[in-house]
Structure formats: C-alpha cells, structure tokens
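Coordinate analysis (summary)
Each chain is listed here by its residues.
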Amino acid sequence: MERYPNLKESDPEIYSLIQKESEYESTTLKMIASESYASYSVLEACGSMLTDKYAEGYPGSRYYEGNEFVDCVENLAIDRAKVLFGAEHVNVQPYSGSPANQAVYRALLKIGDKVMGMPVPAGGHLTHGWKVNFSGMDYVQIPYGPDPTTGHFDMNLIRETAKRERPRMIWVGATAYPHKIEYKDFAEIANEIDAYLVADISHINAIIIAGMHPDPVPCCDVVTSTSHKMLRGPRAGFILSKLEDRFQKKYHPDDKWGLAKRIDRAVFPGLQGGPHLHIIAGMAVAFKEAMSDDFKKYGVQIVRNAKSLAESLLGKGWKLAGNGTDTHLLILDFRDKDFTGKEAAAALAKSGIIANFNMVPGDHRSPFVTSGVRLGTPSLTAMGMKEVDMIKVANWIDRVCRNIKNIDDHAENIKNEIADFCKNFKIPGIRE
Ligand SMILES: *Cc1c(COP(=O)(O)O)cnc(C)c1O
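Residues numbered from 1 in each chain as written. Predicted model: local features only at pLDDT ≥ 70, side-chain atom pairs only at ≥ 80, totals over all residues. Heavy atoms only, no water.

**A word on the site of the ligand**
- Neighbouring the ligand are 13 residues; Ser-96, Ser-98, Asp-200, His-203 and Lys-229 lie closest to it.
- Ser-96 is positioned such that a nitrogen or oxygen atom in its side chain is 2.4 Å from an oxygen atom of the ligand.
- A distance of 2.6 Å separates an oxygen atom of the ligand from a polar side-chain atom of Ser-98.
- Notes on the ligand: free accessible area 380 Å², of which the protein chains cover 87%. (Near = heavy atom within 4 Å. Polar contact = N/O pair within 3.5 Å; in protein donor to acceptor, adjacent residues only side chain to side chain. Areas by Shrake-Rupley, 256 points an atom, 1.4 Å probe, with all protein chains shown as cover.)

This is how it looks when you write it as structure tokens:
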C-alpha cells in the first residue's frame, strides 16, 4: 500500500514555518506570562485522528452514533479534572478560555446584569466585562482593580463598591496581577451581597495545583480556566463548578436544571456545536501529567524563579509593580523612565527576550505604549531553568533596559549569548 505523505513532503511551506518557530523559541527566552510548553504526549493526542470525530452532546447522550471510545476520552478528562482540582462538576468542552467565560455568563446571568470585574488596563481579561468584548456590551461592568499606589487589592474599597453597586456576579482573576489572590476575602464580600463568585484561574492554575497559591475551588460557585498557559495542555478551556446553585430560588426560580446542568447547557447547545475531542484527549493527558510530582515541582519552581528574577532586578535598581511577586509574573515599572513599556518590550525582543508591554498600576501613559513590561517564568521553568539561571536572565534584561536608546549596539551580542545559553535546556514538545 502506498504511504501517505507527511507534512514535510506535502506542505513544505507550513512545515518550514513550524521549524522556524521551533528554532526561534529554542534560541530565545520566552517570557510571555501566559505561555508555557506542552509535552510531546499532549501534542500527539491533539494531532490524532480524533480531530475528525463529531459527538455533539455529552458522554452517554450524544446526537451521533459510534461514540464508545470518545465517551471514554471525555469521561477520563472530566474525572481527572475532578480529582486534580477537587471539583464537584467539570465541563471540558469550551473551545478556549473566552468561550468558557461566555458560558458562565449565560448560565448565571440575564443580559444587562451587573458584573464586577477588572478592566483590561487594570489587569483583568477582556471577558470580565471590558467594553469592546461581548461581556461589556451585554452586561454592565462594575470595575475594580489594584490600588494605584500599592499595586495590591484594597479589600475595603472592593467591599464598598460591591455593597454600593450590588453586582450579580464577581469575577476574580487576572492577566497581570503579581500577587496572591485571597479568594476567601472575595467570598465574604460576595456572600454579603448574594452575588455569584467566579474565579478565572487561566493564568495561575499550575501554581494552585502546586500549592503555591490559594485554591478558589472550595469558596467559589464557579471556576474557569484555560488548559494551555502554565497548565501545559492544549489550547482550550474548562469549567469547574458546584453541583447546586445556592441562589436557585432567588435568581433562577423557574429553572429546573440547577447550576451544573445549566453550565453544561450553556456550553452545548447554548454556545457551541461539536466538542473538539482531539483537544479534550490532549486535556486528559495534561490533567494526568499535572497530577504527577514532577508537575508540582514545576509549579513550585515557577514561583521560585519569578522571585529570584524579581530579587535580581530589584537589586539592580529596577522598580517592579507591587514591589515584587509571589506568583509566576512580574511587571517592570518604567513610570519614571524616559522610555515606554512598548519601547522596552521591542528592545528586549530584538535581544532575544520575548515579553509584552503592559500597564502598571497608576500608569500615566496610554495603554498603547504603557510604562511596563510583563515577564513570566512558566516557559523558562518548563525548559528546566532554576533560580541561578534567573540571575543571568536578570543581567540580560538589565543590559537591554540600560541601553534602550542605543539597543542596536548591544542586541546582537546579547541575542547570541542567550542562544548559547538556551542550548543547556530543552523545550518539552520538540522531538529530537
Ligand atoms: C487567557 C485568559 C483567558 C482567555 O483565554 P483564551 O483561550 O485566550 O480565550 C481568560 N481569562 C484569563 C484571566 C486569561 O488569562
């Protein structure tokens, strides 16, 4: 029988672009805080022939025949997530983090309801009620965010806002908050005003699993997450929830489903069609990996690396938003410098350090240039880097930031040093 061609043979253009990206990522420091590296096993499941499968519905009640094996795949993903996070109910079908959050709105609220969430410039996500997103168009955002002077949440102010505005739901989760989030404090506030409390742990799931960050599952009605980012699964979303709706009588008196079933119905048929079973298979693989001791070590090391990096940068006189980190990310604060976050991020990228410009609490510059650069450690940690390596990384960052205005005289050298240094480490998903 004739062999089908592989990608290299059938589409050399795309094959070579993927090779180039692998080479690029293998020779630079990927410090995008929302990224990490999936294992080869995860990629293998995602690239499997499950891509072709249609199975609208949920395990045991599908609209198509022939689902014996994919039902097992989805059930495994669900059961593993339940164990991993200690959740009562899990939905693994959301196509990504944003659709997962959309399903939560659909399951809990009515159009026009008030939602407390952080605006994007304050470190929130688009789907937490930002104006250009469906969440800000269909619902009313009551904004909150870190205190501009301390960079930490001011829980008294947040309580005051909540009591005055009485939102129906509170989002707690961020894309650029370098400190621990105390879900218990938010739960107290939510209880005082009968609001649903929903945590979005997309950015921090692995450090929660590793015990380095408070766990939202016991005190939130719903928890959403991506399975990519530091969890190192496929690009997808999932939703953890309680089975029962504690406000069923008050807010959903005519509903016969209850919280868990309402979320499932919001995902399918409310928002989506067929589940992506190849991705759900990859998710199941990632959840299994995340139960291992190695994964916990990785989660612990992410935070140790971020702290080591923060310490080194502070030691060299750089300022950090909130003065440091106790998570996976830190934000360089250039408010008092004569260059912007955007210029700094571009200079870093030219020198082989890939990050993004980001607003700093109390920023006086526009969101299009900002005064900050967000740096994350998950990818470097997944490659095997430790605290001592962060000292070297801090040295390179320091050299770039001291030479922003004449970066062309330095970028090439720094870039070459970094490429050399990266040879000591390995990206998990790249096969030799
Ligand atoms: C990344 C992220 C999302 C959205 O995920 P996508 O998969 O990009 O849609 C939602 N919330 C938070 C806090 C995130 O960091």
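Further notes follow.
**Concerning the sheet that holds strand β14 (residues 372-376)**
- Strand order in the open sheet formed by three strands is β11-β14-β13, with antiparallel pairing between adjacent strands. Looking at which strands have only one partner, the edges of the open sheet turn out to be β11 (329-333) and β13 (356-358). Taking the axes of each pair of neighbouring strands and ignoring which way they run, one obtains an average angle of 40° across the sheet.
- Alignment of β11 against β14, held across five bridges, turns out to be antiparallel. (Pairing = 2+ DSSP bridges. Helix = DSSP H or I, 4+ residues; strand = E, 2+ residues; numbered from the N terminus. Axes fitted to C-alpha atoms, helices over the stretch in contact; angles between N-to-C directions.)

**Topic: unusual backbone geometry**
- A cis amide bond, omega 10°, links Phe-268 with the succeeding residue Pro-269.
- Within the element layout of this structure, Pro-269 appears in helix α11 (residues 259-271).
- In this structure, Arg-166 is a non-glycine residue whose phi angle is positive, near 45°.
- Within the secondary structure, Arg-166 sits in the loop between α7 (155-165) and β7 (169-172).
- One non-glycine residue, Lys-229, lies in the positive phi region at around 55°.
- Mapped onto the elements of the fold, Lys-229 is located in the loop between β9 (222-226) and β10 (237-241).

**Remarks on the side chain of Asn-67**
- Checked against the element boundaries, Asn-67 lands in the loop between β3 (61-62) and α4 (68-85).
- Of note is the side chain of Asn-67, whose polar atom sits 3.3 Å from the side chain of Lys-53.
- Among residues more than four places away in sequence, those in contact with Asn-67 are Lys-53, Tyr-54, Ala-55 and Arg-62. (Contact = heavy atoms within 4.5 Å.)

**As for the environment of Val-90**
- Note on placement: Val-90 falls in strand β4 (residues 89-91).
- Between the C-alpha atoms of Val-90 and Val-223, which are 133 residues apart in sequence, the distance is 9.6 Å.
- Those residues in contact with Val-90 that lie beyond four places of it in its chain are Ile-78, Ala-81, Lys-82, Ile-239 and Leu-240.

**Quick look at the sheet that holds β7**
- Spatially, β4-β10-β9-β8-β7-β5-β6 is the arrangement adopted by the seven strands of the open sheet, whose pairing is mixed. The sheet is open, and its two edges are formed by β4 and β6 (140-143), each paired on a single side. Ignoring which end each strand starts from, the neighbouring axes of this sheet average 20° apart.
- Where β9 meets β10, five bridges bridge the pair, whose relative direction is antiparallel. Bridge pairing in β10 places Ser-225 opposite Phe-238.

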